[in-house]
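Given next are the chains, with one letter for each unit.
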Amino acid sequence: MFYIISLLTGLIFGIGMALSGMIDPAVVIAFLDVAGEWNPALMFVMGGALLVFIPGYQLLIKKRQQPFIAAKWSLNSLKALDRPLIIGAALFGLGWGILGVCPGPAVTSMLAGNSDVWLFMVAMIAGLFISQKLKQKIN
Amino acid sequence: MEFAVPWSSLLGGILLGASALLLLLFNGKVAGISGIIGGLISPEKQDFLWRLLFLLGMMGGGWLAIQFLGITFPSDFSASPMVIIIAGLFVGLGSGLGNGCTSGHGICGIGRLSVRSIAATCTFMAVAAVTVFIRLHVM
(Lines give C-alpha, C1' and ligand atoms only; values in the text may rest on other atoms or scores of the structure.)
Protein backbone atom coordinates (compact mmCIF):
# COMPACT_ATOMS: atom_id res chain seq x y z
CA MET A 1 0.00 0.00 0.00
CA PHE A 2 2.84 2.36 0.97
CA TYR A 3 4.36 1.89 -2.48
CA ILE A 4 1.06 2.18 -4.34
CA ILE A 5 0.46 5.54 -2.63
CA SER A 6 4.00 6.63 -3.62
CA LEU A 7 3.38 5.80 -7.26
CA LEU A 8 -0.15 7.28 -7.36
CA THR A 9 0.76 10.56 -5.66
CA GLY A 10 3.74 10.81 -8.04
CA LEU A 11 1.34 10.37 -10.95
CA ILE A 12 -1.00 13.10 -9.64
CA PHE A 13 2.01 15.35 -9.07
CA GLY A 14 3.21 14.85 -12.65
CA ILE A 15 -0.24 15.57 -14.14
CA GLY A 16 -0.52 18.66 -11.92
CA MET A 17 2.92 19.84 -13.04
CA ALA A 18 1.97 19.37 -16.70
CA LEU A 19 -1.36 21.25 -16.32
CA SER A 20 0.24 24.05 -14.29
CA GLY A 21 2.37 25.28 -17.20
CA MET A 22 5.57 25.08 -15.14
CA ILE A 23 6.96 22.50 -17.56
CA ASP A 24 7.46 25.41 -19.98
CA PRO A 25 10.47 27.51 -18.89
CA ALA A 26 9.02 30.47 -20.83
CA VAL A 27 6.02 30.56 -18.44
CA VAL A 28 8.35 30.47 -15.42
CA ILE A 29 10.61 33.20 -16.78
CA ALA A 30 7.57 35.37 -17.64
CA PHE A 31 6.48 35.06 -13.99
CA LEU A 32 9.95 35.95 -12.68
CA ASP A 33 10.30 38.85 -15.15
CA VAL A 34 8.46 41.46 -13.08
CA ALA A 35 9.79 44.29 -15.26
CA GLY A 36 8.52 42.69 -18.48
CA GLU A 37 5.11 41.47 -19.55
CA TRP A 38 4.37 39.78 -16.25
CA ASN A 39 2.59 36.42 -16.36
CA PRO A 40 0.97 35.60 -13.00
CA ALA A 41 0.38 31.88 -13.82
CA LEU A 42 2.79 30.61 -11.14
CA MET A 43 0.98 32.58 -8.48
CA PHE A 44 -2.12 30.54 -9.29
CA VAL A 45 -0.12 27.30 -9.22
CA MET A 46 1.20 28.04 -5.76
CA GLY A 47 -2.13 29.49 -4.65
CA GLY A 48 -3.99 26.37 -5.80
CA ALA A 49 -1.51 24.09 -4.07
CA LEU A 50 -1.67 26.00 -0.77
CA LEU A 51 -5.47 26.25 -1.00
CA VAL A 52 -5.50 22.46 -0.60
CA PHE A 53 -2.41 21.89 1.50
CA ILE A 54 -2.80 24.49 4.28
CA PRO A 55 -6.32 23.48 5.42
CA GLY A 56 -5.50 19.81 4.81
CA TYR A 57 -2.44 20.07 7.03
CA GLN A 58 -4.24 21.99 9.76
CA LEU A 59 -7.36 19.78 9.82
CA LEU A 60 -6.05 16.30 8.98
CA ILE A 61 -2.35 16.05 9.73
CA LYS A 62 -1.48 18.33 12.64
CA LYS A 63 -3.65 16.50 15.19
CA ARG A 64 -2.54 13.00 14.17
CA GLN A 65 0.20 11.12 16.05
CA GLN A 66 1.35 9.29 12.93
CA PRO A 67 0.57 8.92 9.23
CA PHE A 68 -2.05 6.37 8.07
CA ILE A 69 0.43 3.73 6.88
CA ALA A 70 3.86 4.70 8.19
CA ALA A 71 5.40 4.73 11.67
CA LYS A 72 6.34 8.40 11.77
CA TRP A 73 6.31 11.77 10.04
CA SER A 74 9.48 12.36 8.02
CA LEU A 75 9.42 16.10 8.55
CA ASN A 76 12.34 18.46 8.96
CA SER A 77 12.33 19.72 12.56
CA LEU A 78 15.01 22.41 12.06
CA LYS A 79 13.96 25.87 13.18
CA ALA A 80 17.01 28.12 12.72
CA LEU A 81 17.41 30.41 9.73
CA ASP A 82 21.02 29.34 9.21
CA ARG A 83 23.55 30.10 6.53
CA PRO A 84 23.18 26.86 4.48
CA LEU A 85 19.43 27.54 4.15
CA ILE A 86 19.79 31.10 2.86
CA ILE A 87 22.91 30.52 0.73
CA GLY A 88 21.36 27.35 -0.69
CA ALA A 89 18.08 29.11 -1.50
CA ALA A 90 20.00 31.96 -3.16
CA LEU A 91 22.05 29.54 -5.33
CA PHE A 92 18.85 27.69 -6.23
CA GLY A 93 17.23 30.99 -7.24
CA LEU A 94 20.22 31.81 -9.41
CA GLY A 95 20.01 28.50 -11.28
CA TRP A 96 16.21 28.79 -11.56
CA GLY A 97 16.50 32.31 -12.95
CA ILE A 98 19.14 31.31 -15.50
CA LEU A 99 17.03 28.63 -17.21
CA GLY A 100 13.52 28.70 -15.68
CA VAL A 101 13.69 25.00 -14.80
CA CYS A 102 13.39 23.49 -11.31
CA PRO A 103 13.39 19.83 -10.19
CA GLY A 104 9.62 19.11 -10.40
CA PRO A 105 9.08 20.21 -14.01
CA ALA A 106 12.39 18.57 -15.02
CA VAL A 107 11.37 15.13 -13.72
CA THR A 108 7.88 15.50 -15.22
CA SER A 109 9.44 16.23 -18.64
CA MET A 110 11.74 13.20 -18.73
CA LEU A 111 9.51 11.20 -21.10
CA ALA A 112 8.49 14.22 -23.18
CA GLY A 113 11.16 13.82 -25.84
CA ASN A 114 13.29 16.78 -24.75
CA SER A 115 16.92 15.71 -24.49
CA ASP A 116 17.89 19.01 -22.80
CA VAL A 117 15.99 17.75 -19.74
CA TRP A 118 18.36 14.81 -19.39
CA LEU A 119 21.40 17.07 -19.53
CA PHE A 120 19.78 19.28 -16.88
CA MET A 121 19.00 16.24 -14.69
CA VAL A 122 22.61 14.98 -14.85
CA ALA A 123 23.96 18.41 -13.88
CA MET A 124 21.35 18.79 -11.13
CA ILE A 125 22.18 15.37 -9.64
CA ALA A 126 25.87 16.31 -9.72
CA GLY A 127 24.97 19.51 -7.85
CA LEU A 128 22.96 17.56 -5.26
CA PHE A 129 25.90 15.17 -4.83
CA ILE A 130 28.29 18.09 -4.24
CA SER A 131 25.87 19.60 -1.69
CA GLN A 132 25.83 16.33 0.27
CA LYS A 133 29.65 16.23 0.35
CA LEU A 134 29.74 19.88 1.48
CA LYS A 135 27.23 19.18 4.26
CA GLN A 136 29.31 16.24 5.49
CA LYS A 137 32.29 18.60 5.72
CA ILE A 138 30.35 21.27 7.61
CA ASN A 139 29.03 18.79 10.18
CA MET B 1 -7.75 46.06 -17.80
CA GLU B 2 -8.71 42.62 -18.97
CA PHE B 3 -7.59 39.72 -16.88
CA ALA B 4 -8.09 36.01 -17.49
CA VAL B 5 -7.66 33.55 -14.66
CA PRO B 6 -5.25 30.81 -15.81
CA TRP B 7 -7.60 27.97 -14.86
CA SER B 8 -5.23 25.26 -16.03
CA SER B 9 -2.49 26.60 -13.74
CA LEU B 10 -4.91 26.80 -10.83
CA LEU B 11 -6.10 23.23 -11.42
CA GLY B 12 -2.49 22.06 -11.79
CA GLY B 13 -1.64 23.72 -8.47
CA ILE B 14 -4.63 22.08 -6.76
CA LEU B 15 -3.40 18.66 -7.97
CA LEU B 16 0.12 19.42 -6.71
CA GLY B 17 -1.29 20.35 -3.30
CA ALA B 18 -3.54 17.27 -3.21
CA SER B 19 -0.64 14.98 -4.13
CA ALA B 20 1.62 16.50 -1.46
CA LEU B 21 -1.14 16.29 1.15
CA LEU B 22 -1.91 12.62 0.40
CA LEU B 23 1.77 11.61 0.40
CA LEU B 24 2.23 13.21 3.81
CA LEU B 25 -1.08 11.97 5.28
CA PHE B 26 -0.60 8.34 4.19
CA ASN B 27 3.16 7.83 4.01
CA GLY B 28 4.46 10.64 6.21
CA LYS B 29 6.75 11.79 3.40
CA VAL B 30 7.35 15.28 2.02
CA ALA B 31 6.71 15.81 -1.70
CA GLY B 32 9.88 17.86 -2.20
CA ILE B 33 11.35 16.78 -5.49
CA SER B 34 14.97 17.79 -4.84
CA GLY B 35 14.78 15.99 -1.49
CA ILE B 36 13.30 12.86 -3.05
CA ILE B 37 16.08 12.77 -5.66
CA GLY B 38 18.75 13.61 -3.07
CA GLY B 39 17.70 10.61 -1.01
CA LEU B 40 18.22 8.35 -4.02
CA ILE B 41 21.88 9.38 -4.24
CA SER B 42 22.71 8.21 -0.72
CA PRO B 43 19.78 5.97 0.22
CA GLU B 44 19.07 4.76 3.71
CA LYS B 45 17.50 1.38 4.41
CA GLN B 46 13.88 0.96 3.29
CA ASP B 47 14.02 4.43 1.83
CA PHE B 48 14.85 3.86 -1.82
CA LEU B 49 11.87 2.29 -3.56
CA TRP B 50 9.16 4.82 -2.59
CA ARG B 51 11.35 7.61 -3.97
CA LEU B 52 11.90 5.81 -7.25
CA LEU B 53 8.18 5.02 -7.57
CA PHE B 54 7.16 8.63 -6.90
CA LEU B 55 9.56 9.90 -9.58
CA LEU B 56 8.43 7.23 -12.07
CA GLY B 57 4.84 8.27 -11.29
CA MET B 58 5.72 11.87 -12.10
CA MET B 59 7.27 10.89 -15.43
CA GLY B 60 4.18 8.77 -16.17
CA GLY B 61 1.93 11.71 -15.24
CA GLY B 62 3.78 13.95 -17.69
CA TRP B 63 3.48 11.29 -20.37
CA LEU B 64 -0.27 10.83 -19.73
CA ALA B 65 -0.80 14.60 -19.93
CA ILE B 66 0.80 14.61 -23.39
CA GLN B 67 -1.14 11.58 -24.63
CA PHE B 68 -4.60 12.26 -23.21
CA LEU B 69 -4.84 15.89 -22.09
CA GLY B 70 -3.29 17.47 -25.16
CA ILE B 71 -0.59 19.28 -23.17
CA THR B 72 2.41 20.36 -25.24
CA PHE B 73 5.85 20.21 -23.66
CA PRO B 74 8.70 22.28 -25.09
CA SER B 75 10.95 20.16 -27.30
CA ASP B 76 14.10 21.86 -26.00
CA PHE B 77 15.14 24.57 -23.52
CA SER B 78 16.47 26.94 -26.23
CA ALA B 79 19.74 27.38 -24.37
CA SER B 80 23.30 26.19 -24.98
CA PRO B 81 24.45 22.95 -23.29
CA MET B 82 26.83 25.03 -21.14
CA VAL B 83 23.97 27.21 -19.82
CA ILE B 84 21.84 24.13 -19.13
CA ILE B 85 24.70 22.48 -17.19
CA ILE B 86 25.42 25.61 -15.14
CA ALA B 87 21.72 26.09 -14.31
CA GLY B 88 21.37 22.41 -13.36
CA LEU B 89 24.45 22.55 -11.11
CA PHE B 90 23.19 25.62 -9.25
CA VAL B 91 19.69 24.19 -8.90
CA GLY B 92 21.06 20.92 -7.49
CA LEU B 93 23.70 22.49 -5.25
CA GLY B 94 21.32 25.17 -3.97
CA SER B 95 18.34 22.93 -3.27
CA GLY B 96 20.65 20.40 -1.59
CA LEU B 97 22.28 22.98 0.71
CA GLY B 98 18.99 24.76 1.38
CA ASN B 99 17.07 21.51 1.98
CA GLY B 100 14.41 22.12 -0.63
CA CYS B 101 13.14 23.62 -3.86
CA THR B 102 9.92 25.12 -5.18
CA SER B 103 7.88 22.06 -4.11
CA GLY B 104 9.48 21.21 -0.75
CA HIS B 105 9.73 24.78 0.56
CA GLY B 106 7.15 26.50 -1.65
CA ILE B 107 4.30 24.05 -1.13
CA CYS B 108 4.94 21.61 1.74
CA GLY B 109 7.02 23.97 3.90
CA ILE B 110 4.90 27.09 3.48
CA GLY B 111 1.86 24.81 3.69
CA ARG B 112 2.73 23.98 7.28
CA LEU B 113 3.74 27.59 7.94
CA SER B 114 7.43 26.79 8.47
CA VAL B 115 9.44 29.98 8.97
CA ARG B 116 12.50 28.36 7.34
CA SER B 117 10.52 27.54 4.21
CA ILE B 118 8.95 31.00 4.01
CA ALA B 119 12.44 32.55 4.28
CA ALA B 120 13.87 30.15 1.68
CA THR B 121 11.00 30.76 -0.77
CA CYS B 122 11.30 34.56 -0.46
CA THR B 123 15.07 34.25 -0.99
CA PHE B 124 14.96 32.08 -4.09
CA MET B 125 12.07 34.03 -5.63
CA ALA B 126 13.94 37.32 -5.13
CA VAL B 127 17.27 35.99 -6.43
CA ALA B 128 15.57 34.36 -9.43
CA ALA B 129 13.70 37.60 -10.26
CA VAL B 130 16.92 39.62 -10.04
CA THR B 131 18.73 37.03 -12.20
CA VAL B 132 15.99 37.25 -14.85
CA PHE B 133 16.02 41.05 -14.70
CA ILE B 134 19.79 41.19 -15.26
CA ARG B 135 19.61 38.57 -18.01
CA LEU B 136 16.72 40.18 -19.94
CA HIS B 137 17.03 43.90 -19.22
CA VAL B 138 20.68 44.60 -18.37
CA MET B 139 22.87 42.15 -20.29
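Residues numbered from 1 in each chain as written. Chains lettered and ligands numbered in written order. Predicted model: local features only at pLDDT ≥ 70, side-chain atom pairs only at ≥ 80, totals over all residues.

**A short note on the overall build of chain B**
So, point 1. Helix and strand content of chain B: six helices and zero strands.
So, point 2. Seen along its three principal axes, the alpha-carbon backbone of chain B occupies a region of about 50 × 35 × 35 Å.
So, point 3. When the 139 residues of chain B are sorted by exposure, 55% land in the buried category.
So, point 4. Long-range pairs, those at least 24 residues apart, make up 42% of the contacts in chain B with a sequence separation of at least 6. (Helix = DSSP H or I, 4+ residues; strand = E, 2+ residues; numbered from the N terminus. Buried ≥ 20, exposed ≤ 12 C-beta atoms within 10 Å, placed from the backbone. Contact = placed C-beta atoms within 7 Å.)

**A short note on the interface of chain B and chain A**
So, point 1. Across the boundary between the two partners, chain B contributes 96 residues, which contact 98 residues of chain A.
So, point 2. Listed by contribution, the elements that provide at least two residues to the side of chain B that touches chain A are helix 1 (7-27), helix 2 (33-41), helix 3 (49-68), helix 4 (81-97), helix 5 (104-111) and helix 6 (115-138) of chain B.
So, point 3. Counting residues per element, the side of chain B that touches chain A draws most heavily on helix 1 of chain B, which supplies 20 residues.
So, point 4. Of the residues assigned to the side of chain B that touches chain A, the class counts are 62 nonpolar, 30 polar and four charged. (Nonpolar A, V, L, I, M, F, W, Y, C, P; charged D, E, K, R; others polar.)

**Brief notes about the nonpolar core**
So, point 1. Counting residues in each nonpolar core, the largest one holds 84 residues, and the members touching the most others are Ala49 of chain A together with Ala20, Phe90 and Phe124 of chain B.
So, point 2. Counting residues per element, this core draws most heavily on helix 3 (residues 41-61) of chain A, at ten residues.
So, point 3. Dropping the residues within four chain positions of it, Phe124 of chain B is found in contact with Ala89, Ala90, Phe92, Gly93 and Trp96 of chain A. (Core = buried A, V, L, I, M, F, W, Y, C linked by C-beta atoms within 7 Å.)

**What about the environment of Asp47 of chain B?**
Residues and elements named next belong to chain B.
So, point 1. The topology assignment puts Asp47 in the loop between helix 2 and helix 3.
So, point 2. A residue is classified by how many C-beta atoms lie within 10 Å of it, and Asp47, with 13 of them, is partly exposed.
So, point 3. In this structure, the C-alpha to C-alpha distance between Asp47 and Phe73, residues 26 residues apart in sequence, is 31 Å.

**Structural notes on the confidence of the model for chain B**
Residue and element names in this part refer to chain B.
So, point 1. Predicted confidence across chain B gives a mean pLDDT of 95, with 98% of residues reaching 70 or more.
So, point 2. Ranking the elements of chain B by mean pLDDT puts helix 5 last, at 95, and helix 4 first, at 98.
So, point 3. ipTM for the predicted complex: 0.96, alongside a pTM of 0.96. (pLDDT = per-residue confidence, 0-100.)

**Side note on the environment of Ile134 of chain B**
So, point 1. By the element assignment, Ile134 of chain B lies in helix 6.
So, point 2. On the basis of neighbour counts, which here come to 11 C-beta atoms within 10 Å, the residue Ile134 of chain B falls in the exposed class.

**Topic: helix 5 of chain B**
So, point 1. Burial analysis of helix 5 of chain B places eight of its eight residues in the buried class, the great majority of the element.
So, point 2. Where helix 5 of chain B is buried, its residues meet helix 3 of chain A together with helix 1, helix 2 and helix 6 of chain B.
So, point 3. Count one or two residues on from helix 5 of chain B and you reach Leu113 of chain B, which has phi positive near 55°.

**Structural notes on the packing of helix 3 of chain A against helix 1 of chain B**
So, point 1. One way to put it is that helix 3 of chain A packs onto helix 1 of chain B with a least axis distance of 7 Å and a crossing angle of 30°. Classified by the angle their axes make, helix 3 of chain A and helix 1 of chain B are roughly parallel. As for how helix 3 of chain A packs across helix 1 of chain B, the hand of that crossing is right-handed.
So, point 2. Here the contact of helix 3 of chain A with helix 1 of chain B is composed, by residue class, of 20 nonpolar, seven polar and no charged. (Axes fitted to C-alpha atoms, helices over the stretch in contact; angles between N-to-C directions. Parallel < 35°, antiparallel > 145°, perpendicular 65-115°, else oblique. Left-handed = near helix turned anticlockwise from the far one by under 90°.)

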